[in-house]
Amino acid sequence: VDTNADLTRLLETHGAALRRIAGSWSRSDAERDDLLQEIGLALWTAWPRYRQQCPERAYVWRVALNCAFAHRRRHQRHEHLPEPLEHDASDAPSPDNILEKRQQREQLLRAIRQLPAETRALVTMQLEGLSLEEIAAVVGGNANAIGVRLHRAKAALLALVHQPAPPRPSPIRFFPAEKDPS
Amino acid sequence: MTQQWDSLAESFRDDGSQIDTQALGAAVIERRRRQRLGLAGELVASAFLLVFWAPQIGRGSLVTDLLGIGSVAFVVLWLGALWHTRRGTWRRVDVDVDSGLAFLRRERQAEVRWTVVVDRFLLALAIGYLPVLPLAWREAGMADAAASTGALWLLAAVGGYYGILAGVWVTNRRRRQRLLQDDTWT
């Protein structure tokens, strides 16, 4: 088995989806890239055990989500901190429609990151377009039961998306702001 | 709801940038190399510990007589650090999500139970030293020419001992509260 070739093929096929999973489980771009590497490494190590016990995409998602859980477990003590500004694309010079799309995406990701682990996993799979059978293969249950759980997860996400974004804490000032003379 | 969901899905998938799979593959391979190197380093250090340090504890050399509990604490801390850094490294990640989450739930419950054990152990250490205090007080007064100097040393030692215990107790308590408040895995 040529593991390097397998890794390259897996990353080419599923890389974009893996990055989106990593983005849903991290609070900054740097953390996302770190998690993405972790997932790649886990995938590389786990791949020789793949015996077509489930569809390839489901197997990749299993590995990625389990990695994301472990990552979240290690970093959960930082969860209460405000999200770093890195994710905020509002300062980037972009045309209005791109900016609006980015803001929508940021709002969606923020809502996803507030969900509990299981709901977050279900929601990301559904958003990514996995079939019910594939989701059942990733989660490990029958499709009917998964359908019910998915419905609840979707409702939870929609409720969060419609909530107004929490105000960003004001930046720390080392010097008092100058008073307006007028 | 379906239309709204489709719009969200489109927004989720449209992350607007291409992924450099070559760079990612190279980063993964480099990470694997560093992970193996780190593991080799830990194994060498553990072998050193086993061969040179551990026999000292049983032999009763001057160093271990002086350090006493410190020697044991060092070994325990070392093993604890090893467990902490390597935790999950060999765990299978290709299990289904429900099993993965169930494992994490059990792990969290075990951690909560462990913090309770640590609390009780700290209490035993704190109470266990109390009967020794009057003896130590008497000895400190007799051993030193100036009794006040001996008493000061004793106060500093006892203060340090209980200070460390209090520090560990507070850290442990915070950890337990954090674990109990975290409802991510329920």
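Bear in mind that the values here come from a model prediction, so they are computed numbers and not experimental data. (Residues numbered from 1 in each chain as written. Chains lettered and ligands numbered in written order. Predicted model: local features only at pLDDT ≥ 70, side-chain atom pairs only at ≥ 80, totals over all residues. Heavy atoms only, no water.)

### Considering the overall build of chain B
Here's step 1: Secondary structure summary: chain B contains 7 helices and 0 strands in total.
Here's step 2: N-terminal to C-terminal, the α/β element order of chain B is α-α-α-α-α-α-α.
Here's step 3: Counting only residues that meet the buried cut, chain B has 25% of its 186 residues in that class.
Here's step 4: Relative to all contacts within chain B whose residues are 6 or more apart in sequence, the contacts with residues 24 or more apart total 70%.
Here's step 5: When the accessible surface of chain B is totalled, it reaches about 12700 Å², and 67% of it is carbon and sulfur. (Helix = DSSP H or I, 4+ residues; strand = E, 2+ residues; numbered from the N terminus. Buried < 20%, exposed > 50% of the residue type's maximum accessible area, 1.4 Å probe, protein only. Contact = heavy atoms within 4.5 Å. Areas by Shrake-Rupley, 256 points an atom, 1.4 Å probe, with all protein chains shown as cover.)

### Considering the confidence of the model for chain B
Residues and elements named next belong to chain B.
Here's step 1: Of all residues in chain B, 76% have pLDDT values of 70 or greater, and the mean over the chain is 79.
Here's step 2: Helix 5 (residues 97-129) holds the highest mean pLDDT among the elements of chain B, 89, whereas helix 3 (residues 62-67) holds the lowest, 53.
Here's step 3: Scoring the predicted complex yields pTM 0.74 and, for the interface, ipTM 0.74. (pLDDT = per-residue confidence, 0-100.)

### Some thoughts on the nonpolar core
All names here are of chain A.
Here's step 1: Residues L18, L65, F69, M125, L127 and L157 are the most contacted members of the largest nonpolar core, which totals 62 residues.
Here's step 2: For this core, the element with the highest residue contribution is helix 3 (residues 56-75), accounting for 10 residues.
Here's step 3: The residues contacting M125, other than those within four sequence positions of it, are W61, L65, L130, I135, V138 and V139. (Core = buried A, V, L, I, M, F, W, Y, C linked by side-chain atoms within 4.5 Å.)

### Remarks on the packing of aromatic side chains
Two aromatic rings, taken as a pair, are described by how far apart their centres are and by the angle between their planes.
Here's step 1: Using the criterion set out here, one finds 7 aromatic pairs over all chains in the structure.
Here's step 2: Ring centres of W25 of chain A and F69 of chain A lie 5.4 Å apart, and the angle between their planes is 75 degrees; on these two criteria the pair is classed as edge-to-face. Highlighted residues: W25 of chain A in the loop between helix 1 (3-24) and helix 2 (29-46) and F69 of chain A in helix 3, separated in sequence by 44 residues. Exposure class is identical for W25 of chain A and F69 of chain A. Each is buried.
Here's step 3: Ring centres of W47 of chain A and Y50 of chain A lie 4.7 Å apart, and the angle between their planes is 25 degrees; this geometry places the pair in the stacked category.
Here's step 4: Overall, the relative accessible area of 9% leaves W47 of chain A in the buried class.
Here's step 5: Residue Y50 of chain A is classed as buried on the basis of its relative accessible area, which comes to 14%.
Here's step 6: Of the aromatic side chains, those joined through ring pairs into one cluster are W47, Y50 and Y59 of chain A.
Here's step 7: Over the face of the ring belonging to W5 of chain B we find K154 of chain A, whose NZ or CZ atom lies 5.1 Å from the ring centre. (Phe/Tyr/Trp six-rings, centres within 6.5 Å; stacked < 30°, edge-to-face > 60°. Lys NZ or Arg CZ within 6 Å of the ring centre and 35° of its normal.)

### Focus on unusual backbone geometry
Residue and element names in this part refer to chain A.
Here's step 1: The backbone of Q52 shows a phi angle near 55 degrees, a positive value even though the residue is not glycine.
Here's step 2: Within the secondary structure, Q52 is located in the loop between helix 2 and helix 3.
Here's step 3: Taking relative accessible area as the criterion, Q52 reaches 68% and is therefore assigned exposed.

### As for helix 6 (residues 132-139) of chain A
Here's step 1: When you tally the buried positions in helix 6 of chain A, you get 6 out of 8 residues, the bulk of the element.
Here's step 2: Downstream of helix 6 of chain A by one or two residues, G140 of chain A has phi in the positive range, about 90 degrees.

### Some words on a nonpolar patch on the surface
Residues and elements named next belong to chain B.
Here's step 1: A surface patch of nonpolar side chains, amounting to about 460 Å² of accessible area, comprises F48, L50, V51 and F52.
Here's step 2: With respect to the secondary-structure elements, V51 resides in helix 2 (residues 21-59).
Here's step 3: Its relative accessible area of 53% is what places V51 among the exposed residues. (Patch = residues over 30% accessible without salt bridge, like charges linked within 9 Å, V, L, I, M, F, W, Y side chains within 5 Å. Salt bridge = Lys/Arg side-chain N within 4 Å of Asp/Glu carboxyl O.)

### With respect to the pattern of salt bridges
Here's step 1: The tally for this structure, following the rule as stated, stands at 16 salt bridges over all chains.
Here's step 2: D98 of chain B is the partner of R149 of chain A in a salt bridge, and the nearest nitrogen-oxygen pair spans 2.9 Å. Remark: D98 of chain B occurs in helix 5 and R149 of chain A occurs in helix 7 (residues 143-161); the pair is interchain, linking two chains.
Here's step 3: Put simply, R33 of chain B and E30 of chain B hold a salt bridge, and the shortest N to O gap is 3.0 Å. Remark: E30 of chain B and R33 of chain B occur in helix 2; sequence separation between them is 3 residues, near one turn of the helix.
Here's step 4: Under the relative-accessibility criterion, R33 of chain B is labelled partly exposed at 46%.
Here's step 5: Where salt bridges share partners, they join R73 of chain A together with E107, E111 and R175 of chain B into one cluster.

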